Amino acid sequence: MMIDDTNLPELTHRQEEILSCIVRAYSDTPEPLSSKFLVERFNLTYSSATVRNEMAALEELGYISAPHTSAGRVPTENGYRYFVTRLIVQSDSDLTTLEHTHISERLSSLPLGSEHWMILAATILARTAQTAALVTPPISDSSRFKHIQLIALQGRLVLMVLVLQGGAVHQQMLTLAEPLTQDRLSETANRLNATLLDVSAYEMRVRAVNLPLLEREIVELATEAMGRADQQQVRLIYRSGLSETISAFAHAEGAQQAIRVLEERAFLNMILTELLTPLINHVQVVIAGDGRWEELSHLSMVLSRYGVPGQLSGAIGVLGPTHLNYGRAISAVNAISTAMTDMLASVYENDTLPPTSETD
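What counts and what doesn't
- Residues numbered from 1 in each chain as written.
- Predicted model: local features only at pLDDT ≥ 70, side-chain atom pairs only at ≥ 80, totals over all residues.
- Heavy atoms only, no water.
- Helix = DSSP H or I, 4+ residues; strand = E, 2+ residues; numbered from the N terminus.
- Rg over C-alpha atoms; globule rule 2.2 N^0.38 Å.
- Buried < 20%, exposed > 50% of the residue type's maximum accessible area, 1.4 Å probe, protein only.
- Contact = heavy atoms within 4.5 Å.
- Areas by Shrake-Rupley, 256 points an atom, 1.4 Å probe, with all protein chains shown as cover.
- 1 Å grid on protein atoms, 1.4 Å probe; cavity = no way out; pocket = protein on both sides within 12 Å on 5 of 7 lines; lining within 4 Å.
- Points joined across faces, edges and corners; volume = space filled by probe spheres on them.
- Phe/Tyr/Trp six-rings, centres within 6.5 Å; stacked < 30°, edge-to-face > 60°.
- Lys NZ or Arg CZ within 6 Å of the ring centre and 35° of its normal.
- Pairing = 2+ DSSP bridges.
- Axes fitted to C-alpha atoms, helices over the stretch in contact; angles between N-to-C directions.
- Core = buried A, V, L, I, M, F, W, Y, C linked by side-chain atoms within 4.5 Å.
- Arc of directions from axis to C-beta.
- Parallel < 35°, antiparallel > 145°, perpendicular 65-115°, else oblique.
- pLDDT = per-residue confidence, 0-100.
- Patch = residues over 30% accessible without salt bridge, like charges linked within 9 Å, V, L, I, M, F, W, Y side chains within 5 Å.
- Salt bridge = Lys/Arg side-chain N within 4 Å of Asp/Glu carboxyl O.
- Left-handed = near helix turned anticlockwise from the far one by under 90°.
- Nonpolar A, V, L, I, M, F, W, Y, C, P; charged D, E, K, R; others polar.

J.: For this particular structure, what's the right way to read the overall build of the chain?
T.: When helices and strands are counted, the chain shows 13 helices and 11 strands. In summary, the chain has a C-alpha radius of gyration of 26 Å against a globular reference of 21 Å for 360 residues, an excess of more than 25%. Along the longest, intermediate and shortest principal axes, the C-alpha atoms of the chain span 90 × 40 × 35 Å. The burial tally for the chain puts 49% of its 360 residues in the buried class. Of all intrachain contacts in the chain linking residues separated by at least 6 positions in sequence, the fraction that spans at least 24 positions is 63%. Counting every atom, the chain has about 17700 Å² of accessible surface; 50% of that belongs to carbon and sulfur.

Here is the structure:
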């Protein structure tokens, strides 16, 4: 579903039930759990001795561990992974119908795509998932051409001014094979503007095949600039709930990791670029960095991309300690991501989406 679970050993139905109880109880109260506690807390039909034997089997399989010499056990990273991939029923939701309605009503109360909308979405997500939340604004999935200017400077030297949809401006000096008048350069720019309006870099290259040599060379330089713009695109990040989440970490290192993820924009953008799939409303769970990110070794993240497929998208997610309440976190991210996607899709065709703020 969201995590590669092909290497996780299979469990019996009873072992799955006990592991689920352990993960859920530990999410509520992160303290080592005994077999007697589990039987009483969840009204299990098995005896404490039976649960104790199954816990020993789960420990041998690497799904739980004993942090101390006491009889209590806690989930491991693989225990959380098994729980998320095998034991959470995705068709169900940990949110009530009232909570779903509240989310939609609150999000529809502000202009879509505005800075206030992002702040509200992060606040709702943090309160609903009961952990720290982040939201990035929807931006174009790829740069799109708006218009170009070619300005004669001296001799063969020309200034190319490339303007992209959304207002980004890129300037580049060109040295032509031979000097051209400003009239000739303006005519060339006008033809390109009429041919390339609102197309991506890939579409520009396709359309440039049959253009004259000068126009092909200019298009090639423009597409290179657009490619660099896509790679360097840094998203704004709206955050909520960090201060309330810090106390949930058992160790200072985990709290420090959470602060770095949410406070260092470039670092979080790198993580989102690496982890998020292109799919819209596809919830992903990353537990302790999944072996790829040492900087996330004490964190769990639940992420999703929202937006209009092939047009624009943003990221939404929560993070917290590995004993995160995964059921509620996944339900909250899924519900808010879906609501934001539906709202954007309903207005995008009419081009009524306002520009997002460029200040953090």
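J.: Quick question: what am I supposed to make of the layout of surface pockets here?
T.: Any space left empty among the atoms is revealed by the rolling of a water-sized probe across them. By volume, the second largest pocket amounts to about 530 Å³. Around the second largest pocket, the lining comprises 20 residues; the ones closest to its centre are Tyr26, Ala250, His251, Thr322 and His323. Where the lining of the second largest pocket is concerned, the elements lending two or more residues are strand S2 (74-75) and helix H4 (77-87).

J.: For this particular structure, what's the right way to read the packing of aromatic side chains?
T.: Two measures describe an aromatic ring pair: the distance that separates the ring centres and the angle between the ring planes. Inspection of the entire model under this criterion finds 2 aromatic pairs. With a centroid separation of 5.2 Å and an interplanar angle of 65°, the aromatic rings of tyrosine 63 and tyrosine 82 are classed as edge-to-face. Taken together, the residues tyrosine 63 in the loop between helix H3 (48-60) and strand S1 (64-65) and tyrosine 82 in helix H4 connect sequence positions 19 residues apart. Among the residues examined, tyrosine 63 registers a relative accessible area of 0% and is labelled buried. For the pair tyrosine 80 and tyrosine 326, a centre-to-centre distance of 5.5 Å together with 45° between the ring planes defines the contact as tilted. Taken together, the positions of tyrosine 80 in helix H4 and tyrosine 326 in helix H13 (residues 326-348) put the pair 246 residues apart, joining distant regions of the chain. Tyrosine 326 carries the same exposure label as tyrosine 80, and that label is buried. Over the ring of phenylalanine 267 we find arginine 260, and its NZ or CZ is 3.8 Å from the ring centre.

J.: Sorry, what's going on with the sheet that holds strand S6 (residues 157-164) here?
T.: Note: strands within a sheet are paired through backbone hydrogen bonds, in either parallel or antiparallel orientation. Judged by pairing direction, the sheet is antiparallel, and its 3 strands sit side by side in the order S5-S6-S7 without closing on themselves. Each end of this open sheet is capped by a strand with a single partner; those strands are strand S5 (145-154) and strand S7 (169-175). Adjacent strand axes in the sheet meet at a mean angle of 20°, parallel and antiparallel pairs treated alike. Bridge count between S6 and S7: 7 bridges; the pairing is antiparallel. Bridge pairing in S7 links valine 161 to glutamine 171.

J.: Looking at this model, I keep getting lost on the nonpolar core. Mind explaining?
T.: The nonpolar side chains of a soluble globular protein tend to be buried with one another. Counting residues in each nonpolar core, the largest one holds 66 residues, and the members touching the most others are Leu19, Leu38, Leu107, Val302, Tyr326 and Met340. With 12 residues, the top contributor of residues to this core is H13. Once residues lying within four places of it in the same chain are set aside, the contact partners of tyrosine 326 are Tyr80, Phe83, Val84, Ile88, Val285, Ile287 and Ser300. Leu162, Leu192, Leu211 and Met226 belong to the second largest nonpolar core, which has 25 residues in total.

J.: Sorry, what's going on with helix H2 (residues 35-42) here?
T.: Count 3.6 residues to each turn of an α-helix, and residues three or four apart come out pointing the same way. Of all the positions in H2, only Ser35, Leu38 and Val39 are classed as buried. One face of H2 carries all of its buried residues, which in axial projection span an arc of 100°. At its buried positions, H2 is contacted by helix H1 (13-28) and H3.

J.: Hey, could you run me through the packing of H1 against H3 in this one?
T.: Running from N to C, H1 and H3 cross one another at 85°; their axes reach a closest spacing of 10 Å. Classified by the angle between their axes, H1 and H3 sit roughly perpendicular to one another. Residue-level contacts link Arg14, Gln15, Ile18, Leu19 and Ile22 of H1 to Thr50, Val51, Glu54, Met55, Ala57 and Leu58 of H3.

J.: Help me understand the confidence of the model for the chain in this model?
T.: Fine structural detail should not be taken from predicted coordinates in areas where pLDDT scores are low. When pLDDT is averaged along the chain, the result is 87, and 90% of the positions lie at 70 or above. Note that pLDDT drops below 50 for residues 352-360; the model gives that stretch 23 contacts with residues more than four away or on any other chain.

J.: Could you clarify how one ought to interpret a nonpolar patch on the surface in this entry?
T.: Together, Ile151, Leu153, Leu157 and Met173 line one region of the surface with nonpolar side chains, adding up to about 320 Å² of accessible area. Counting through the fold element by element, leucine 153 comes out in strand S5.

J.: How should the packing of H1 against H4 be read in this particular structure?
T.: Two measures define how a pair of helices packs: the angle their axes make with one another and the distance between the axes. Running from amino to carboxyl end, H1 crosses H4 at an angle of 110°, the nearest separation of the two axes being 10 Å. Taken as axis vectors, H1 and H4 run roughly perpendicular relative to one another. Every pair of crossing elements has a handedness; the one defined by H1 and H4 is left-handed. Here Glu16, Leu19, Ser20, Val23, Arg24 and Tyr26 of H1 lie close against H4, whose contacting residues are Gly79, Tyr80, Tyr82, Phe83 and Leu87. In terms of residue class, the contact of H1 with H4 is built from 7 nonpolar, 2 polar and 2 charged.

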